[in-house]
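Structure assessment
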Amino acid sequence: MWLAAAAPSLARRLLFLGPPPPPLLLLLSRSSRRRLHSLGRAAMPEKRPFERLPADVSPINYSLCLKPDLLDFTFEGKLEAAAQVRQATNQIVMNCADIDIITASYAPEGDEEIHATGFNYQNEDEKVTLSFPSTLQTGTGTLKIDFVGELNDKMKGFYRSKYTTPSGEVRYAAVTQFEATDARRAFPCWDEPAIKATFDISLVVPKDRVALSNMNVIDRKPYPDDENVVEVKFARTPVMSTYLVAFVVGEYDFVETRSKDGVCVRVYTPVGKAEQGKFALEVAAKTLPFYKDYFNVPYPLPKIDLIAIADFAAGAMENWGLVTYRETALLIDPKNSCSSSRQWVALVVGHELAHQWFGNLVTMEWWTHLWLNEGFASWIEYLCVDHCFPEYDIWTQFVSADYTRAQELDALDNSHPIEVSVGHPSEVDEIFDAISYSKGASVIRMLHDYIGDKDFKKGMNMYLTKFQQKNAATEDLWESLENASGKPIAAVMNTWTKQMGFPLIYVEAEQVEDDRLLRLSQRKFCASGPYAGEDCPQWMVPITISTSEDPNHAKLKILMDKPDMNVVLKNVKPDQWVKLNLGTVGFYRTQYSSAMLESLLPGIRDLSLPPVDRLGLQNDLFSLARAGIISTVEVLKVMEAFVNEPNYTVWSDLSCNLGILSTLLSHTDFYEEIQEFVKDVFSPIGERLGWDPKPGEGHLDALLRGLVLGKLGKAGHKATLEEARRRFKDHVEGKQILSADLRSPVYLTVLKHGDGTTLDIMLKLHKQADMQEEKNRIERVLGATLSPELIQKVLTFALSEEVRPQDTVSVIGGVAGGSKHGRKAAWKFIKDNWEELYNRYQGGFLISRLIKLSVEGFAVDKMAGEVKAFFESHPAPSAERTIQQCCENILLNAAWLKRDAESIHQYLLQRKASPPTA
């Protein structure tokens with residue numbers, strides 16, 4: 001599953017910064033310190049009691065027929081399951097939620113049918129116990145269940161999705177989303193990933209609707225009782241888990257091709273938009289053979305469909321053979337889609353198709369190993385996109401999008417290990433987060449680098465071949481990779497997956513004749529400053545070291561398996577710099593001695609450090625400042641060295657960090673001064689790029705131009721604001737339509753410095769937009785508006801019919817991230833509308849995202865208490881960990897502000913008095 005990203009500017013605004021060395025939490029008041037500890041890990045919720053399904057009866061095959069009613073939003077179902085009774089019993093326990101069973105019976109093979117005499121629903125555990133009047137003996141038989149259910153509006157299970165036909169009529173499709181534990185809302189089943197079976201699916205649907213499932217259609221015949229209805233029968237699936245089953249009934253067009261391996265690939269789009277499926281089709285057709293060659297295992301099904309669903313909570317879902325997507329994660333309009341949308345579609349397609357092998361063919365044994373599915377797919381999607389689109393420089397973007405995001409979250413006391421023991425279904429949603437996805441991907445990237453591509457591929461093939469159509473645990477993958485590489489994979493990786501956090505490597509150097517002696521030491525990196533506990537955790541850290549002699553290649557690779565280590569680099573001249581973590585691949589932060597850092601800084605200015613190393617160096621320094629280990633002013637000075645920077649991703653990371661700082665300083669009376677700093681840093685690159693593409697520019701130039709103009713416009717850069725207003729006016733009047741890549745920065749700029757008329761025009765553009773991408777683009781910037789009454793108007797709009805349910809979150813989040821007043825207004829709005837919002841998103845990851853985006857920007861101690869108190873009286877079980885992380889962040893923001901605000905202010909005033917020369 002691909003979790004839909006928040007707006008890029010929001011996705012990484014994780015503010016959790018803390019105080020200085022050694023007396024930890026020095027600048028927190030005593031009450032704040034108590035509060036931070038009371039919000040700490042000890043407060044994690046107790047695990048709910050939970051038992052997996054009994055093993056006495058298990059399915060071999062599900063024969064399932066469903067008849068959805070697209071007007072009354074109900075469905076009828078008939079299940080005939082070939083089952084194996086392994087141990088004599090007089091009851092069958094299955095998963096079942098929001099379903100009413102009408103009749104149930106079991107017929108032992110060659111014997112008479114036994115009717116169930118009771119259905120005992122355990123709603124809390126989402127189970128049903130079917131009781132039989134006599135004992136079911138060991139052997140095989142057929143379990144028959146007739147049932148009815150509701151096509152709900154919660155975007156989970158078998159649900160309804162609203163769409164508008166080209167003629168403007170509102171209709172509904174019936175679609176599914178079963179991961180993690182919602183197949184049980186569509187049919188009674190053994191809804192656990194390790195209980196695999198084959199499926200024979202039939203759908204009874206109106207004859208003018210498209211009906212799709214995991215496999216190809218093998219029969220389509222008139223339904224006896226109604227000439228307007230047909231029964232569509234699909235081929236039998238391979239052995240698979242319930243969470244990967246899918247069906248869709250609705251109106252769609254499609255484009256199709258065959259991959260070079262002969263697999264039929266189709267992309268289904270809303271009616272009239274088949275053209276918008278072509279880009280994803282091209283990516284999918286290139287991706288399937290890439291994975292087949294990489295894993296050396298063929299794609300196991302005859303077809304794969306990719307389909308855009310109007311109302312969809314996640315970004316996409318990897319159902320075997322029928323992958324479902326948000327419209328914005330699949331559809332690309334050649335004229336109206338921006339470069340970042342193309343890139344997103346390529347990554348999401350790459351992610352979901354990787355799951356067809358890694359997750360679907362071989363499936364995790366239980367949700368504890370979810371990270372393996374998601375972390376792996378989140379890593380290999382980049383490998384695949386790099387293969388299809390080398391011009392995207394996608395691995396540098398990985399560091400900014402995934403690696404640093406994971407480190408921000410993982411530095412908190414309320415983080416969690418990659419591998420989390422999961423019991424009750426309500427706990428599963430909590431771990432669909434940046435640790436499972438982004439830290440998971442980052443440690444697999446580090447592992448791949450440590451092993452080397454050849455042995456990594458060999459190990460992957462061994463793993464997929466050994467466990468195909470079965471289930472596996474993390475240890476099974478380590479064993480395969482260990483056998484392929486001969487390296488101590490399990491020992492190394494257990495230090496990264498079974499304990500939370502990551503190390504800070506402190507390094508100092510000494511020149512000894514012609515050699516450089518490095519002294520390395522590792523300590524856990526904490527958002528609140530130096531680790532102060534006893535028994536500091538240790539990691540086995542693959543470390544690479546490069547020098548200015550050859551910045552792109554490692555001079556030395558070592559495995560740091562103890563707290564302290566001395567390393568000798570042979571033949572390094574005194575004037576050469578030395579850098580750890582070549583390519584920012586190792587999942588750790590580095591703190592250099594002053595002398596080492598000084599020698600690296602010219603490499604930023606003259607670009608002799610590779611882009612990903614410039615990015616990593618700046619990001620490490622920013623995090624050290626947030627944690628109070630160095631001064632924020634030191635980082636601002638380093639940021640000014642990026643004046644010649646040409647790389648989009650380096651600017652993107654710099655922009656994120658300045659955004660975090662701006663949000664923090666919005667709590668002070670010198671917010672305008674930091675905006676002046678932003679303008680000073682970004683204007684030279686803004687002038688170099690200009691507004692219009694130049695001949696020979698590519699994908700990354702388009703991304704950079706949008707980023708820089710948006711940053712300058714938001715900060716109120718006069719020339720940028722004037723040009724944005726001029727172009728916006730021409731766009732609205734139809735004189736000169738804005739290119740897709742310029743729309744976000746222009747919309748943001750005019751709204752931030754606009755009035756009620758500007759907002760009305762934006763809402764009108766939203767209503768007129770035919771593409772969901774354009775609607776989302778507008779929704780994400782509406783929060784930039786500054787006046788209290790307009791902010792209220794935007795918040796009301798967020799819950800209106802105009803905004804799709806899954807997109808409300810980014811509108812409210814945009815308001816919270818837009819301004820100090822917006823933050824307060826968004827939080828009040830959430831409290832006032834909690835019942836409606838919780839009812840809409842309960843139990844899903846969207847509720848966590850909503851909370852996080854809305855409160856993480858606060859920087860006042862008492863707000864942490866207020867947030868905690870609100871959620872104590874309004875529980876949101878699947879978001880408990882997120883709430884704890886937000887409270888921790890708020891207190892750490894407050895500490896950062898107390899610690900550094902005055903020195904930052906003085907520095908900015910001093911700059912104003914004597915501006916630096918470039």
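Residues numbered from 1 in each chain as written. Predicted model: local features only at pLDDT ≥ 70, side-chain atom pairs only at ≥ 80, totals over all residues. Heavy atoms only, no water.

As for the layout of surface pockets
Taken as a whole, the second largest pocket encloses approximately 1,200 Å³ of empty space. If you list the elements that add at least two residues to the lining of the second largest pocket, you get strand S9 (157-164), strand S10 (170-177), strand S18 (303-309), helix H21 (772-781) and helix H25 (834-841). Sorting elements by how many residues they give to the lining of the second largest pocket places S9 first, with 5 residues. (1 Å grid on protein atoms, 1.4 Å probe; cavity = no way out; pocket = protein on both sides within 12 Å on 5 of 7 lines; lining within 4 Å. Points joined across faces, edges and corners; volume = space filled by probe spheres on them. Helix = DSSP H or I, 4+ residues; strand = E, 2+ residues; numbered from the N terminus.)

Focus on the sheet that holds S18
What the 5 strands build is an open sheet, ordered S16-S17-S18-S20-S19; its pairing is mixed. Two strands bound the open sheet, and with one partner strand each, they are strand S16 (253-258) and strand S19 (316-317). Bridge analysis of S16 against strand S17 (residues 264-269) gives 6 bridges, and the strand direction is antiparallel. Note that in S17 the partner of Arg 258 across the bridge is Cys 264. Of the strands in this sheet, S18, S19 and strand S20 (322-326) are in contact with helix H4 (residues 339-355), which crosses S20 at around 150°. (Pairing = 2+ DSSP bridges. Contact = heavy atoms within 4.5 Å. Axes fitted to C-alpha atoms, helices over the stretch in contact; angles between N-to-C directions.)

Regarding the environment of Ala 901
Here Ala 901 lies in helix H28 (residues 880-913). On the basis of relative accessibility, which here comes to 14%, the residue Ala 901 falls in the buried class. Once the C-alpha coordinates of Ala 901 and Val 633 are considered, the two residues, 268 residues apart in sequence, prove to be 9.7 Å apart. Apart from residues lying up to four places away in sequence, Ala 901 is in contact with Phe 670 and Trp 896. (Buried < 20%, exposed > 50% of the residue type's maximum accessible area, 1.4 Å probe, protein only.)

Let's talk about the UniProt feature "binding site: Zn(2+)" (unreviewed entry) in the chain
Under the UniProt annotation, "binding site: Zn(2+)" (unreviewed entry) lies at His 351, His 355 and Glu 374. On the basis of their most widely separated C-alpha atoms, the annotated residues across 24 residues gather in one place, lying no more than 8.6 Å apart. Counting through the fold element by element, His 351 comes out in helix H4. Since its relative accessible area comes to 0%, His 351 is described here as buried. As for its placement among the helices and strands, His 355 is situated in helix H4. Overall, the relative accessible area of 0% leaves His 355 in the buried class. Looking at His 355, its side chain comes within polar contact range of the side chain of His 351, at 3.2 Å. (UniProt positions renumbered as here; feature names shortened; annotations may be inferred. Polar contact = N/O pair within 3.5 Å; in protein donor to acceptor, adjacent residues only side chain to side chain.)

Points about the sheet that holds strand S24 (residues 515-524)
Ordered by their spatial adjacency, 4 strands build an open sheet running S27-S24-S23-S29, and the pairing between neighbours is mixed. Across the chains shown, the open sheet's two edge strands, defined by having one partner strand only, are strand S27 (564-569) and strand S29 (589-592). Across this sheet, the average inter-strand angle for adjacent strands is 25°, counted without regard to direction. Here strand S23 (residues 503-512) runs beside S29; their pairing, made up of 4 bridges, is parallel. For Leu 504, the partnering residue across the bridge sits in S29 and is Arg 589.

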